[in-house]
Amino acid sequence: MENKELLPLHMLPDIQFLAADEKLTFGEHFTNHRINFYAIVWFMEDHDVHYIDFEPFSIKRNQVFLLAKNQVHAIPAVKLPAAKVMVFSSDFFLAIEETYLKQLFLPFDNKGITIPKDNLLVMEGLFSLLLTEYRDKAELPLLLKYTSSFLLLLHRFAAHRSPQLYKRDARIVALLQLIEKHFKEQKPVSFYATHFGLTAKRANEILKDAFGFSISGLSQQLLILESKRALYNGTHSIKEIAYQLGFSDQSYFSRFFRKHAGLSPEKFRSQFAHNA
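Residues numbered from 1 in each chain as written. Predicted model: local features only at pLDDT ≥ 70, side-chain atom pairs only at ≥ 80, totals over all residues. Heavy atoms only, no water.

Here's the deal with helix α5 (residues 170–182)
Here's step 1: With 13 residues, α5 should cover 18 Å at 1.5 Å per step; its first-to-last C-alpha distance of 19 Å lies within 8% of that length.
Here's step 2: Among the residues of α5, those classed as buried are I172, V173, L175, L176, L178, I179 and H182.
Here's step 3: Considering only its buried residues, α5 is in contact with α2 (99–102), α6 (189–194), α7 (200–211) and α8 (215–233). (Helix = DSSP H or I, 4+ residues; strand = E, 2+ residues; numbered from the N terminus. Expected span 1.5 Å × (residues − 1). Buried < 20%, exposed > 50% of the residue type's maximum accessible area, 1.4 Å probe, protein only. Contact = heavy atoms within 4.5 Å.)

Remarks on the confidence of the model for the protein chain
Here's step 1: Residue-level pLDDT values for the protein chain average 87, and 92% of them are 70 or greater.
Here's step 2: The element-level mean pLDDT for the protein chain is lowest in helix α11 (residues 265–275), coming to 77, with helix α3 (residues 120–135) highest at 97. (pLDDT = per-residue confidence, 0-100.)

Section: the side chain of H50
Here's step 1: Mapped onto the elements, H50 comes out in strand β5 (residues 49–52).
Here's step 2: Residue classification places H50 among the buried positions, given a relative accessible area of 1%.
Here's step 3: Each residue touching H50, except ones within four places of it in the same chain, is listed here: F43, E55, P56, F57, I59, F65, H73, A74, I75 and P76.

Let's talk about the packing of aromatic side chains
Here's step 1: Tallied over the full model, the rule gives 21 aromatic pairs.
Here's step 2: The interplanar angle of 50° and the centroid separation of 5.6 Å between the aromatic rings of F54 and Y232 together place this pair among those described as tilted. Placement of the pair is F54 in the loop between β5 and β6 (55–58) and Y232 in helix α8, with a sequence separation of 178 residues. Each member of the pair, F54 as well as Y232, is classed as buried.
Here's step 3: Ring geometry for F257 and F268: centres 5.8 Å apart, planes at 70°, overall edge-to-face. Note that F257 is positioned in helix α10 (residues 250–261) and F268 in helix α11, a separation of eleven residues in sequence. Each member of the pair, F257 as well as F268, is classed as buried.
Here's step 4: Chaining the aromatic ring pairs together yields one cluster made of F54, Y232, F247, Y252, F253, F256, F257 and F268.
Here's step 5: Directly above the ring of W42 sits K84, whose terminal nitrogen or CZ lies 5.9 Å from the centroid.
Here's step 6: Sitting above the plane of the F191 ring, K187 keeps its charged end 4.9 Å from the centroid. (Phe/Tyr/Trp six-rings, centres within 6.5 Å; stacked < 30°, edge-to-face > 60°. Lys NZ or Arg CZ within 6 Å of the ring centre and 35° of its normal.)

Quick notes on the side chain of S148
Here's step 1: With respect to the element layout, S148 can be found in helix α4 (residues 140–161).
Here's step 2: Take S148: its relative accessible area is 11%, and that puts it in the buried class.
Here's step 3: Filtering out sequence-adjacent residues up to four positions away, S148 remains in contact with I96, E98 and L101.

Looking at the packing of α5 against α8
Think of two packed helices as two axes; the pair is described by the angle between the axes and how far apart they sit.
Here's step 1: As a packed pair, α5 and α8 sit with axes 10 Å apart at the nearest point and diverge in direction by 50°. Relative to α8, the element α5 lies oblique. Two packed elements cross with a definite hand, and for α5 against α8 that hand is right-handed. For the pair formed by α5 and α8, the contact residues are L175, L176, I179 and E180 on the first element and I215, L218, S219 and L222 on the second.
Here's step 2: Tallied by class, the residues present in the contact of α5 with α8 amount to six nonpolar, one polar and one charged. (Axes fitted to C-alpha atoms, helices over the stretch in contact; angles between N-to-C directions. Parallel < 35°, antiparallel > 145°, perpendicular 65-115°, else oblique. Left-handed = near helix turned anticlockwise from the far one by under 90°. Nonpolar A, V, L, I, M, F, W, Y, C, P; charged D, E, K, R; others polar.)

Things to note about the nonpolar core
Here's step 1: Ranked by internal contacts, the top residues of the largest apolar core, which has 38 residues, are L176, I179, L207, F211, I215, L218 and F253.
Here's step 2: Every element with two or more residues in this core is listed here: α5, α6, α7, α8, α9 (238–244) and α10.
Here's step 3: Here this core takes eight residues from α8, the largest share from any one element.
Here's step 4: In this structure F253 touches S227, I238, I241, A242, L245, F247 and P265, once residues within four positions along its chain are discounted. (Core = buried A, V, L, I, M, F, W, Y, C linked by side-chain atoms within 4.5 Å.)

What follows is the structure in C-alpha cells.
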C-alpha cells in the first residue's frame, strides 16, 4: 500500500500555554488527528459528537473533556461548537505539582466531566482570571496555579462521579505511567509490582480497585489503542505494526486484535481508508 500519512499531527506553537474563549484549532478539526500537547476543552453549547481515540462522545453544554498528548481527536462538523479552551506543553503539564491532578489526563476514561450548576460561576470566574493573565503578562507560575485550581475542581466533580477511579493514590498514577511506558514490551505483572515493593497479586488488587481490570487487562487496552492509531496512520504494514508492538508474528497480532476490537486489522484499516 502507499506510504500515505493519514493521521496528521496538530502541533502547539513554540509556547508553553495558550487559552481562548473562542474557537481554536491547529489544523483541520473534522478529521482524525493526533495532538502533541495537552488540552482542556469546556464546551459551551450542545452539539453532535466528537471522537477521542476513535470513540464517540456527545458534546454537551458545560461538559469538560481532557485530552492528553498523543491522543487522537476529531470533531466531524463544519462549524466548531463554542468552547473555552486551554492547551499546554509537556513541560507545563509536568510542572503541575499534584500527581493526582495529572491522573485526570490518563487515556483510560475519556468521558466528559460535567460542571454542576452550583459551581458554574466559580469555574467561569476562574477561567476569566486565567484568560486575563494569559492575555496580559502570561506569567507561567500564575498560569500554572490557575490551571491547577481549575483541575482541582474538575477532580472534585469527577471524584463524585467515580470515587474509586479518582481517589488520591499516588501509587495508582505511578503504576499507570509505568505501564504506559512499557506496555509495548509486554512485561509480566511482576515487573511492575517490584518497582513499588509489591507482590504481583497486590499490584493487581490496587489497579482493579480503581479501574476494574488487571495490569494485563490494562496493557491489552493500551496495545489495542496503539494498534488502532498505527493502523489508521497507514504508514506501516500490519506486519511491521505487529513487530513494533511486541508481537512475535502477524497472525498472533491479528488474532489478538480481532478478539479485543471485534474485527480484523485489515477491516479496521479499510474502514478508515474508505472514509479518508
